[in-house]
Amino acid sequence: MPATTQPDLDQFRDEVVTFLDANATPKEAEKAFEWGEGEDEVSLFEEVDRQTELAQLAEAKTFRAARYDAGLGWIGGPSQYGGRELPNAYDRLYTQLEGRYAVPAQGFFGIGLGMVAPTILAHATDEVRDAYLAKLYRGDLVACQLFSEPGAGSDLAGLQTRADRDGDEWILNGQKVWTSGAHYSDIGEVICRTDPDQPKHKGLTGFVVDMHAPGVEVRPLRQMTGGASFNEVFFTDVRVHDSHRLGDVNQGWTVALTTLMNERASIGAGGGGGSGLGNVTRLTEMVRHYRMDDDPLTRQELMKVYIGFQVAKFTNQRAMDKIKAGQLPGPEMSIAKLSLTQNLWRSANFVAGVLGPRVAADSGEWGTFAWARFLCGVPGLRVAGGTDEVMKNIVGERVLGLPKDPGIDATTPFRELRVN
Ligand SMILES: Cc1cc2nc3c(=O)[nH]c(=O)nc-3n(C[C@H](O)[C@H](O)[C@H](O)COP(=O)(O)OP(=O)(O)OC[C@H]3O[C@@H](n4cnc5c(N)ncnc54)[C@H](O)[C@@H]3O)c2cc1C
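Analysis parameters
Residues numbered from 1 in each chain as written. Predicted model: local features only at pLDDT ≥ 70, side-chain atom pairs only at ≥ 80, totals over all residues. Heavy atoms only, no water. Pairing = 2+ DSSP bridges. Helix = DSSP H or I, 4+ residues; strand = E, 2+ residues; numbered from the N terminus. Buried < 20%, exposed > 50% of the residue type's maximum accessible area, 1.4 Å probe, protein only. Arc of directions from axis to C-beta. Contact = heavy atoms within 4.5 Å. Phe/Tyr/Trp six-rings, centres within 6.5 Å; stacked < 30°, edge-to-face > 60°. Lys NZ or Arg CZ within 6 Å of the ring centre and 35° of its normal. Salt bridge = Lys/Arg side-chain N within 4 Å of Asp/Glu carboxyl O.

S.K.: How do you make sense of the pairing of strand β5 (residues 169-180) when you look at a structure like this?
M.R.: The two faces of the sheet receive side chains in turn, since in a regular strand these alternate between them. Here 5 bridges tie strand β4 (residues 162-166) to β5, and the two strands are oriented antiparallel to one another. Looking at β5, one finds that Arg165 is bridged to Trp170. The loop that links β4 with its antiparallel partner β5 comprises 2 residues; one of these, Gly167, has a positive phi angle of about 65°. In the sheet, β5 pairs with strand β9 (residues 230-241) via 9 bridges, with the strands oriented antiparallel. Within the sheet, the bridge partner assigned to Thr179 lies in β9 and is Asn231.

What follows is the structure in structure tokens.
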């Protein structure tokens, strides 16, 4: 159980360094980037075969458990549910110090800790908070987000998966899609329609569902990058106890918004989508290698990429400061998400222009075909967590004050609407 007394930052630093020294390896000093040397992999999604993925998950869980047992697993969380209740500065310090060590990939926990756990904390019963929060932060359980359906993505409130009450339980039937990590998740946050006679945003309810329950079927979807990190999930007469309801009956839209707000904050905080492109060194060296550094148009495009990442970095910093100061993230998160994907898209086009056919055929040449997975991955990020067009709508309406999208019908019962 984590300690509840508050150390000062220096004591905390010692505590973290002692933990990291015992459980991780310090990273070697980073060498200056040299074209043709080292790893040339540049992808946005971590995509490995299932066996490797399971081995990585086991390693990630072991590290997460050790971190939690050392009192560092949920630094800002309430002690009642296993957190340490320390201010944000301690969390930031941990992240900064951990960055100096090679630790097992922690992406498996991104959705659970970035979106589902905050929603459980905000909307679940005490029973569910007690049952899941500490286990999620310890890495004993992994969670996924079951929102999108074949007919409901941007228009999430159009979802049709049903939950019908049966005494103390609910019975779930329907299909979700694009569920990242469902194949290794233990629980999921699901939004279902509980009253089709209400307008579409009003008859929804959120639940925590056991992904191992009878009637839950997970089918992987192959992406154009070659990986299969997301899935279709089918529910057939899946029983969920009423204690696992999130928020009030038919108030699921509020629950979904809590999760979505946290989702955009998580993606925006990523800044460069793990691509490490922000400092454009890799692109500059590529241009030099192919002797295009005298070409004015190439130089101009390269500078546009650089400037885009720099502007996004500062906008992002502003949004993060607002969150850290305890304010709710607003349209800044949509701007951060949109500028990230626009910058990645501009980078992808730039790379394709410099490399030409080398990016499409695997000739074995260093640093060329390796970009193919990046190029194929960018469209996925332009869609995940709210598409570019939806982000533009939000920025248009809430920042620029343009007229609202006429799409929302707040009065007609869902049953009477035309559905996709
Ligand atoms: C990598 C990845 C991971 C994902 N992981 C998850 C997950 O874990 N859980 C989950 O629930 N979902 C997940 N999703 C799904 C994601 O949330 C949806 O794909 C997204 O919300 C878009 O919905 P859609 O695919 O149905 O497209 P649609 O909403 O059908 O959009 C189709 C096109 O129409 C445009 N469009 C739609 N509405 C408007 C509008 N009002 N104005 C202007 N243009 C519009 C869109 O921009 C898009 O170009 C993931 C998606 C990706 C790509």
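More follows now that the structure is in view.
S.K.: What am I meant to see in helix α3 (residues 88-98) here?
M.R.: Turn by turn, an α-helix covers 3.6 residues, leaving residues three or four places apart pointing in a common direction. Buried within α3 are the following residues: Tyr90, Leu93, Tyr94, Leu97 and Glu98. Angularly, the buried residues of α3 cover 125° about the axis, an arc narrow enough to put them on a single face. Residues of α3 that are buried sit in contact with α1 (9-23), α2 (50-69) and β2 (101-102).

S.K.: For this particular structure, what's the right way to read the packing of aromatic side chains?
M.R.: The geometry of an aromatic ring pair is captured by two quantities: the separation of the ring centres and the angle between the planes. Counting across every chain of the model gives 10 aromatic pairs. Between Trp35 and Trp366, the aromatic rings sit 5.0 Å apart at their centres with planes inclined by 80°, giving edge-to-face as the arrangement. Of the two residues, Trp35 is situated in the loop between β1 (25-26) and α2 and Trp366 in the loop between α9 (331-355) and α10 (372-383); the sequence distance between them amounts to 331 residues. With relative accessibility at 17%, the residue Trp35 sits in the buried group. Between the aromatic rings of Trp178 and Phe230, the centroid separation amounts to 5.4 Å while the plane-to-plane angle is 55°, which identifies the pairing as tilted. Placement of the pair is Trp178 in strand β5 and Phe230 in strand β9, with a sequence separation of 52 residues. The class for Phe230 is partly exposed, based on a relative accessible area of 22%. Grouping aromatic residues by their ring pairs yields a cluster made of Phe33, Trp35, Tyr290 and Trp366. Above the plane of the ring of Phe109 lies Arg64, whose end atom (NZ or CZ) is 5.8 Å from the centre.

S.K.: Would you mind going over the pattern of salt bridges with me for this structure?
M.R.: Pairing is possible between side chains of opposite charge, provided their charged atoms come close. Counted under the stated rule, the structure contains 21 salt bridges. The salt bridge involving Arg129 is made with Asp126; its shortest N-O contact spans 3.2 Å. In this pair, Arg129 and Asp126 are both assigned in helix α5 (residues 126-138), 3 residues apart and thus about one turn of the helix distant. A salt bridge links Arg138 to Asp140, with the nearest nitrogen and oxygen atoms 2.9 Å apart. Judged by relative accessible area, Arg138 falls into the partly exposed class, the value being 25%.

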